[in-house]
Amino acid sequence: MINKLRESMAAALVSKKALKLEKEAAYSLADTLDSEPTRGILFRSAATLAMDCRDWREAEKLVNQGLAGNPNEELADELRNLYEDINLARHLAVGEIELASSEIQMSLSGNQVGLGFISSEEFIGRFKKFELLAYRTIERKLGKQFRKSGRVSKSIKMIFQPYLSVPRVASFAVTIRVGKSKSVQLDIFKGNEIQSIIDDIIKNIMLINDGKIKELKESINDKDYYQNFVSLTKAIAPDGNRIRQVGFTIRRDGKETNLGLVRQSSDFNFFIESKSLEVEQLEIEGLLRMADATKNIILIIEHGTKEQFSLEVPVGLNDIVKEYW
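Residues numbered from 1 in each chain as written. Predicted model: local features only at pLDDT ≥ 70, side-chain atom pairs only at ≥ 80, totals over all residues. Heavy atoms only, no water.

## Observations regarding the overall build of the chain
At step 1: A count of helices and strands for the chain gives 10 helices and eight strands.
At step 2: Within the chain, the proportion of its 325 residues that are buried is 42%.
At step 3: Expressed as a percentage of contacts within the chain between residues at least 6 apart in sequence, the contacts between residues at least 24 apart total 62%.
At step 4: In the structure as shown, the chain presents an accessible area of about 18,500 Å², 51% of it carried by carbon and sulfur atoms. (Helix = DSSP H or I, 4+ residues; strand = E, 2+ residues; numbered from the N terminus. Buried < 20%, exposed > 50% of the residue type's maximum accessible area, 1.4 Å probe, protein only. Contact = heavy atoms within 4.5 Å. Areas by Shrake-Rupley, 256 points an atom, 1.4 Å probe, with all protein chains shown as cover.)

Given below as structure tokens:
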């Protein structure tokens, strides 16, 4: 542990020294606008080092300096993408908060997020879907057959009992602390149930974020659980406007692991399996009039035309439509 701490401190010192040198090189060309692409590349490199040093403000300044020159379109796009990465990293950082292994930070940013405020619909819906992900993960790891109807058992709820901290400003960030009954101990989780659950969820969301369908199916090798996990993650994902970023942060072995879920909800269709190779995509917005959990059928009345649509929900109808009923 001491050796790891020393290595971490040494790496931080090296990064800071490299940042100082890279900044000096970049600013030496700050007023030489015809020295592209060298000028832009140096500011991009310096901004990346500042981000590695967790100096978000300095990283933002360096990106802006790079864009203030005359970089070509490709380099300008790289600088813009780097700015978004810096912004996401800043939202994911937990600052002075010390996360325990049974805690996870969830942060959201976008047009529906203010200084410590957020649209209740945007936050509560995503928090409830994360809670459902946890319950389904426990059931899957216990080897239970996929529950197509009915409520989560009390014994499962005793394992995963979430509590929320006071929200933090900038992006809307809260710490989810998970407790469990002392009487519950399951050998399958090897005495660390909560950390195992959180780690499994984060791993699988990362696979979705990276578009790794094969690896996700290997991790969740039951078709129903797979479809359900993708559907719930889609409900958590950003829409690109109201909520632009959804981030998760955990701490393991003294180090933070940050996950920025940047795949938008509209980009999940290729994860959803269909009985037919020819799938027509249809977007319907209207009133949920009926939900039949025995047949996995819902009835929607479209707002404008008042036309009725009967749709089959592949699996986990309760998980998907309960909040709208």
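## Thoughts on the packing of aromatic side chains
At step 1: With the rule as written, the count across this model stands at six aromatic pairs.
At step 2: Ring plane angle 90° and centroid distance 5.2 Å describe the contact between Y27 and F43, whose orientation is recorded as edge-to-face. In this pair, Y27 sits in helix 1 (residues 2-27) while F43 sits in helix 2 (residues 38-52), placing the two residues 16 residues apart along the sequence.
At step 3: Residue classification places F43 among the buried residues on the basis of a relative accessible area of 0%.
At step 4: When the ring of F130 is compared with that of F248, the centres are 5.6 Å apart and the planes differ by 25°; the resulting orientation is stacked. On the criterion of sequence distance, the pair formed by F130 in helix 5 (residues 120-141) and F248 in strand 4 (residues 245-252) is long-range, its members being 118 residues apart. Per residue, the accessibility class of F130 equals that of F248, and both read buried.
At step 5: Connected via pairs of aromatic rings, a cluster forms that spans F123, F127 and F172.
At step 6: The side chain of K217 reaches across the aromatic face of Y226, ending 5.7 Å from its centre. (Phe/Tyr/Trp six-rings, centres within 6.5 Å; stacked < 30°, edge-to-face > 60°. Lys NZ or Arg CZ within 6 Å of the ring centre and 35° of its normal.)

## Comments concerning the sheet that holds strand 1 (residues 103-109)
At step 1: Ordered by their spatial adjacency, five strands build an open sheet running 2-3-1-4-5, and the pairing between neighbours is antiparallel. Bordering the open sheet on either side are strand 2 (161-164) and strand 5 (255-261), each of which pairs with just one other strand. Adjacent strand axes in the sheet meet at a mean angle of 25°, parallel and antiparallel pairs treated alike.
At step 2: When strand 1 meets strand 3 (residues 172-179), the two strands line up antiparallel, connected through six bridges. Opposite S107, over in strand 3, you have A173 as the bridge partner. (Pairing = 2+ DSSP bridges. Axes fitted to C-alpha atoms, helices over the stretch in contact; angles between N-to-C directions.)

## Here's the deal with the environment of L216
At step 1: With respect to the helices, strands and loops of the structure, L216 is situated in helix 8 (residues 213-219).
At step 2: Sequence-wise, L216 and F229 are 13 residues apart; in three dimensions their C-alpha atoms are separated by 9.9 Å.
At step 3: Setting aside anything within four residues of it in sequence, one finds L216 in contact with N204, L207, I208, Y226, V230 and F271.

## Observations concerning the environment of F172
At step 1: Following the sequence through the fold, F172 ends up in strand 3.
At step 2: Between the alpha carbons of F172 and S107 there is a distance of 5.4 Å; along the sequence they are 65 residues apart.
At step 3: Non-local contacts of F172, meaning those with residues more than four positions away in its chain, are made with M106, S107, L108, V113, G116, F117, I118, F123 and P167.

## Concerning helix 3 (residues 56-67)
At step 1: Under the 1.5 Å per step criterion, the end-to-end length of helix 3 is 17 Å for 12 residues, consistent within 8% with the ideal 16 Å.
At step 2: Listing the buried residues of helix 3 in full gives W56, E58, A59, E60, L62, V63 and G66. (Expected span 1.5 Å × (residues − 1).)

## A short note on the nonpolar core
At step 1: One finds I104, F123, F130, F160, I205, L216 and F248 to be the most contacted residues of the largest nonpolar core, which totals 47 residues.
At step 2: L42, L62, V63 and L82 belong to the second largest nonpolar core, which has 18 residues in total. (Core = buried A, V, L, I, M, F, W, Y, C linked by side-chain atoms within 4.5 Å.)

## Examining helix 5
At step 1: Over its 22 residues, helix 5 extends 32 Å from the first C-alpha to the last, a length consistent with the 32 Å expected when each residue adds 1.5 Å.
At step 2: With respect to burial, helix 5 is a largely interior element, 17 of its 22 residues being buried.
At step 3: Two residues or fewer after helix 5 comes G143, characterised by a positive phi angle close to 80°.

## Focus on the packing of helix 7 (residues 193-209) against helix 9 (residues 223-236)
At step 1: Closest axis-to-axis distance for the helix 7/helix 9 pair is 11 Å, and the angle between their directions is 80°. With respect to helix 9, the axis of helix 7 lies roughly perpendicular. Contacts between helix 7 and helix 9 involve I201, N204, I205 and I208 from the former and F229, V230 and T233 from the latter.
At step 2: Across the contact of helix 7 with helix 9, the residue classes tally to five nonpolar, two polar and no charged. (Parallel < 35°, antiparallel > 145°, perpendicular 65-115°, else oblique. Nonpolar A, V, L, I, M, F, W, Y, C, P; charged D, E, K, R; others polar.)

## Brief notes about the confidence of the model for the chain
At step 1: On average, the chain scores 79 in pLDDT, and the residues at 70 or more come to 77%.
At step 2: Averaged pLDDT values over the elements of the chain bottom out at 62 in helix 10 (residues 317-321) and peak at 93 in helix 8.
At step 3: Contacts for the low-pLDDT stretch residues 1-6, under 50 throughout, to residues beyond four places or in other chains number zero contacts.
At step 4: The model gives residues 275-279 a pLDDT under 50, and that stretch makes two contacts with residues more than four places away or in other chains. (pLDDT = per-residue confidence, 0-100.)

## A short note on empty space enclosed by the protein
At step 1: Going through the model one piece at a time under the given rule, you end up with one cavity of 30 Å³ or more.
At step 2: Approximately 40 Å³ is the volume found for the largest cavity.
At step 3: For the largest cavity, the full set of lining residues is L133, R136, T137, R140, Y225, N228 and F229.
At step 4: Mapped onto the lining of the largest cavity, the elements with two or more residues apiece are helix 5 and helix 9.
At step 5: For the lining of the largest cavity, the element with the highest residue contribution is helix 5, accounting for four residues. (1 Å grid on protein atoms, 1.4 Å probe; cavity = no way out; pocket = protein on both sides within 12 Å on 5 of 7 lines; lining within 4 Å. Points joined across faces, edges and corners; volume = space filled by probe spheres on them.)

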